Amino acid sequence: MNKHLNIYNLIAAFIILASGLLMFSSAQQESATYDEAGRIAGGYSIVKFQDGRLWWETPLVKTLSAIPLLIIQPNFSRHPTIWSALPDMWLMGGHFFYKLGNDPEIMLTLARTAPIIITIILLSCIYWWSKKIMGAGWALLALVLLAFSPTILAHGHYVVNDVPGTLGVLITIIAYTYYLNNPTTKNLALSGLALGIAEISKISNLLLLPYLALITGIYVYLNGHKNWLQYFLRLGTIFGIAYLLVYLAYFTSILNYSTSDQIKATEFIYRNHRSALIKNGLGFLSHYRITQPIVIYTSEALLIRSVVASGFETYFLGNVYSKGHWYYFPIIYALKEPVPAVALSVTAVIILALSFLKTTKAGPRKLLSALLLAMKNNFAIAAVLIFIVLYWGMSMSGNLNMGVRHLIPTLPLIYMVAIFLIKQWRPEYGKLKISALSLLAALQIGSTLNAYPFFISYFNFLGNGTMLGYKIAVDSHYDWGQDLKRLRSWIEKLGAEEKVAVNYFGGGNPKLYLKDYLGEKTEYWNIHGPLPEKTTWLAISATTKSTIDGKNLTEATYGKYVTDPNIPDARIGTSIFLYRASGELLN
């Protein structure tokens with residue numbers, strides 16, 4: 001048994017290592033994505049100056065990502081013209097990366113080390129927990145689905161908070177379900193620390209607070225505990241430990257953020273806020289150093305709530321929308337994850353539905369009794385299912401249809417539960433199921449490797465494949481600015497007489513990043529304006545192209561300068577379209 005376990009562990013280590021190498025290799029080939037430069041600048045201002053005024057999101061991942069930059073000590077400007085009481089995160093990011101003589105590629109390589117390590121820890125945790133619940137062999141299958149998910153491989157190496165937030169969710173559920181069964185002081189403290197890490201990883205992890213209260217009530221009911229108040233008081237203690245950690249994380253990040261600047265920032269942010277209580281309350285708290293962290297954390301939470309409620313302009317299936325659709329995330333999940341993973345997820349849902357229907361025939365009372373017994377006997381799995389339902393329900397009912405990355409907190413949980421349910425169903429077919437699942441796992445690996453290194457742009461064959469995925473969705477689904485580095489390599493090979501008009505979406509800066517290397521061969525171009533003189537090529541990001549096409553503005557913009565807007569003359573990576581300049585309106 002131990003020999004077999006060691007073999008499984010070695011295979012798991014190999015899978016995790018392979019996933020890490022794929023992320024590292026892909027990261028070396030890509031330029032900064034849309035938000036990365038700003039996040040890294042915000043993190044560096046914390047680790048270097050303890051001044052976290054670029055506070056637009058939780059501090060953990062940006063701070064960890066900035067620590068390696070201390071090795072090279074990059075230039076960082078706090079000139080009053082840009083370093084105001086509430087500086088623009090994206091402006092500061094562009095300034096930090098491209099205007100101070102720093103090497104953006106070395107900085108990006110160093111900064112991306114932290115998210116890759118965090119993703120490796122996430123993979124290790126899901127394997128370890130799955131092994132505890134259903135055995136090492138089955139846990140390997142869940143690990144493969146996650147380790148070779150293109151979504152994880154893409155966003156796992158970017159300086160964004162989706163994967164760190166997912167790790168926070170996972171360790172919180174692990175720690176708290178273990179605590180409920182083993183309510184020691186040590187486990188209570190570990191649950192509080194896990195929840196605290198989750199809350200400084202991603203602000204949307206506030207969902208964990210009502211979620212933990214819900215599963216506490218369910219656990220107390222299932223086990224017939226009469227001292228329910230004690231359980232909720234202990235949960236309150238866990239919340240207290242978590243938010244002590246949150247407070248300390250924010251407090252230490254703003255030690256040199258002056259109170260006067262905080263007051264100015266708060267007044268500016270809430271100048272038109274409709275709630276006098278929020279406006280005046282946060283204005284009052286911003287006057288005191290000890291309460292500044294509360295102001296910043298609350299402001300981040302209110303900002304996210306506002307964004308989810310109002311939504312963003314989004315291209316989806318040929319049209320541009322400003323409001324969300326309930327079917328957006330189910331469709332995106334079905335098209336963005338490999339077909340084997342989607343098929344196993346659907347199979348798990350069918351197994352649950354069949355089990356429900358079978359029990360329904362026995363009557364509502366027996367159905368309820370069977371459901372409660374199953375939840376009691378498999379409480380960890382029940383807790384995971386409850387989180388998945390809550391999270392997907394929140395996502396599908398909101399207006400923030402931004403990207404498959406917003407489903408990442410549920411991916412490890414979905415794959416673990418799917419494998420568990422398939423294992424439990426018809427146990428007499430155990431060997432057959434393992435063979436079939438192993439084949440699907442191999443297909444998953446093959447499908448993902450086939451997309452290398454363009455993991456962020458991956459679409460399965462149901463979505464017409466990676467190269468045509470831009471017709472389904474763009475932005476962080478497909479084009480987040482990752483191909484600017486590849487565009488530079490292509491332009492370097494052009495003749496001296498060539499000139500490229502660049503309309504770029506992402507975290508790079510074509511005005512500086514390309515011109516520094518290529519002189520007069522490139523010029524930034526506003527797609528709604530005329531082409532620069534002597535242009536011979538147009539380079540257009542997929543996000544811009546799809547959004548323009550979805551608004552039926554093609555002929556009014558780039559379409560009048562090219563032969564056929566639907567057929568580019570070349571592609572850079574997956575996300576930048578190249579057209580030979582032509583047409584009567586050229587120059």
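Structure's up top.
What you are looking at is a predicted structure, and each value in this text was computed from that prediction instead of being measured.

> Before we move on, can you summarise the overall build of the protein chain with the specific residues and values?
Looking only at helices and strands, the protein chain features 25 helices and seven strands. On C-alpha atoms alone, the protein chain measures out to a radius of gyration of 25 Å, which is about the 25 Å that the 2.2 N^0.38 rule sets for 587 residues. Taken along its principal axes, the extent of the C-alpha atoms in the protein chain is 75 × 60 × 45 Å. Per-residue burial for the protein chain yields a buried fraction of 55% across its 587 residues. For the protein chain, long-range pairs separated by at least 24 residues make up 74% of all intrachain contacts whose partners lie at least 6 apart in sequence. A total accessible area of about 25200 Å² is found for the protein chain, and carbon and sulfur atoms account for 64% of it.

> Just give me the short version of unusual backbone geometry, but keep the residues and values in it.
Cis geometry marks the peptide bond from Tyr 452 to Pro 453, where omega comes out at 0°. Position of Pro 453 relative to the elements: it lies in the loop between helix H21 (430-450) and helix H22 (484-492). The backbone of Gln 50 shows a phi angle near 50°, a positive value even though the residue is not glycine. Its location among the elements puts Gln 50 in the loop between helix H2 (36-49) and helix H3 (60-66). Since its relative accessible area comes to 26%, Gln 50 is described here as partly exposed.

> Talk me through the pattern of salt bridges; I want residue IDs and the actual numbers.
Under the criterion given, the structure shown has 15 salt bridges. With a shortest N-O distance of 2.6 Å, Arg 112 and Glu 36 are connected by a salt bridge. One end of the pair, Arg 112, is in the loop between helix H5 (104-111) and helix H6 (113-134); the other, Glu 36, is in helix H2, with 76 residues separating them in the sequence. Each of the two residues, Arg 112 as well as Glu 36, counts as buried. Taking the shortest distance from any N to any O, the salt bridge between Lys 545 and Asp 549 comes out at 3.1 Å. In this pair, Lys 545 and Asp 549 are both assigned in helix H25 (residues 542-550), four residues apart and thus about one turn of the helix distant. Judged by relative accessible area, which is 2%, Lys 545 ranks as buried. Residues joined in a network through salt bridges with shared partners are Asp 35, Arg 39 and Glu 57.

> Residue-level account of the packing of aromatic side chains, with values.
Overall, the coordinates contain 31 aromatic pairs when judged by the stated rule. Here Tyr 250 and Tyr 297 contribute two aromatic rings whose centre-to-centre distance is 5.6 Å and whose plane-to-plane angle is 85°, an arrangement assigned as edge-to-face. With Tyr 250 in helix H12 (residues 228-253) and Tyr 297 in helix H15 (residues 292-310), this pair connects stretches of sequence that are 47 residues apart. Residue Tyr 250 shares its accessibility class with Tyr 297, and that shared class is buried. Within the aromatic cluster, the residues linked to one another by ring pairs are Tyr 44, Phe 49, Phe 76, Trp 83, Phe 96, Phe 97 and Tyr 98. The positively charged end of Arg 426 is found above the aromatic ring belonging to Trp 425, 6.0 Å away from the centroid. Seen from the ring of Phe 577, Lys 545 lies directly overhead, with NZ or CZ sitting 5.6 Å from the centre.

> Any details on the environment of Tyr 98? Residues and values, ideally.
Secondary-structure assignment places Tyr 98 in helix H4 (residues 89-98). With 411 residues separating them in the primary sequence, Tyr 98 and Asn 509 have C-alpha atoms 7.1 Å apart. At 3.3 Å, the side chain of Tyr 98 forms a polar contact with the backbone oxygen of Gly 507.

> Go over the sheet that holds strand S3 (residues 500-503) with me, naming the residues and quoting the values.
Taking strand neighbours across the sheet as the criterion, the five strands line up as S4-S3-S5-S7-S6 in an open arrangement whose pairing is mixed. If you trace the sheet from one side to the other, it starts and ends with strand S4 (522-524) and strand S6 (570-572), each paired once. Geometrically, the sheet is characterised by an average inter-axis angle of 25° between neighbouring strands, direction not taken into account. Relative to strand S7 (residues 576-580), S6 runs antiparallel, the two being bridged by three bridges. Paired with Ala 570 across the two strands is Leu 578, which belongs to S7. In the packing of H22 onto the sheet, contacts are made with S3, S4, strand S5 (537-541), S6 and S7, and the angle to S7 comes to roughly 30°. Taken strand by strand, H25 contacts S3, S5 and S7, and its axis lies near 85° from that of S5.

> An account of the packing of helix H1 (residues 2-28) against helix H7 (residues 136-147) is requested, with residue identities and associated values reported.
Two elements in contact, H1 and H7, have axes separated by 10 Å at closest approach and are oriented at 5°. As the angle between them shows, H1 and H7 are arranged roughly parallel. Counting all contacts with H1, which are made through Leu 5, Tyr 8, Ile 11, Ala 12, Ile 15, Ile 16 and Ser 19, the residues of H7 involved are Ala 136, Gly 137, Leu 140, Leu 143, Val 144 and Ala 147. Residue composition of the contact of H1 with H7, grouped by class: eleven nonpolar, two polar and no charged.

> Help me get a handle on the environment of Asp 569, residues and values and all.
Mapped onto the secondary structure, Asp 569 falls in the loop between H25 and S6. Between the C-alpha atom of Asp 569 and that of Leu 538, which follows or precedes it by 31 residues, the distance is 9.8 Å. Sequence-distant contacts of Asp 569, defined by excluding residues within four places in its chain, comprise Trp 537, Leu 578, Tyr 579 and Arg 580. At 2.7 Å, the side chain of Asp 569 forms a polar contact with the backbone nitrogen of Arg 580.

> An account of a nonpolar patch on the surface is requested, with residue identities and associated values reported.
Together, Val 346, Ile 350, Leu 354, Phe 356 and Leu 357 make up an exposed nonpolar region whose accessible area comes to about 470 Å². Relative to the helices and strands, Leu 357 is located in helix H17 (residues 339-360).

> Break down the environment of Ala 265 for me, citing the residues and quoting the values.
When you line up the elements, Ala 265 lands in helix H13 (residues 259-269). Along the backbone, Ala 265 and Leu 54 are 211 residues apart, and their C-alpha atoms lie at a distance of 11 Å. Ignoring sequence-local partners within four residues, the contact set of Ala 265 consists of Ala 85, Leu 86 and Tyr 257.

> Can you break down the pairing of S5 residue by residue, with the values?
Counting buried positions along S5 yields five of five residues, so the element is predominantly enclosed. Burial along S5 is two-sided: Trp 537, Ala 539 and Ser 541 facing one way and Leu 538 and Ile 540 facing the other are all buried. Two elements, S3 and S5, share four bridges in a ladder whose sense is parallel. Bridged to Val 502 within S5 is Ala 539. Pairing geometry for S5 and S7, over five bridges, is antiparallel. Bridged to Ile 540 within S7 is Phe 577.

Conventions adopted
Residues numbered from 1 in each chain as written. Predicted model: local features only at pLDDT ≥ 70, side-chain atom pairs only at ≥ 80, totals over all residues. Heavy atoms only, no water. Helix = DSSP H or I, 4+ residues; strand = E, 2+ residues; numbered from the N terminus. Rg over C-alpha atoms; globule rule 2.2 N^0.38 Å. Buried < 20%, exposed > 50% of the residue type's maximum accessible area, 1.4 Å probe, protein only. Contact = heavy atoms within 4.5 Å. Areas by Shrake-Rupley, 256 points an atom, 1.4 Å probe, with all protein chains shown as cover. Salt bridge = Lys/Arg side-chain N within 4 Å of Asp/Glu carboxyl O. Phe/Tyr/Trp six-rings, centres within 6.5 Å; stacked < 30°, edge-to-face > 60°. Lys NZ or Arg CZ within 6 Å of the ring centre and 35° of its normal. Polar contact = N/O pair within 3.5 Å; in protein donor to acceptor, adjacent residues only side chain to side chain. Pairing = 2+ DSSP bridges. Axes fitted to C-alpha atoms, helices over the stretch in contact; angles between N-to-C directions. Parallel < 35°, antiparallel > 145°, perpendicular 65-115°, else oblique. Nonpolar A, V, L, I, M, F, W, Y, C, P; charged D, E, K, R; others polar. Patch = residues over 30% accessible without salt bridge, like charges linked within 9 Å, V, L, I, M, F, W, Y side chains within 5 Å.

Don't take any of this as a statement about function, it's just geometry.
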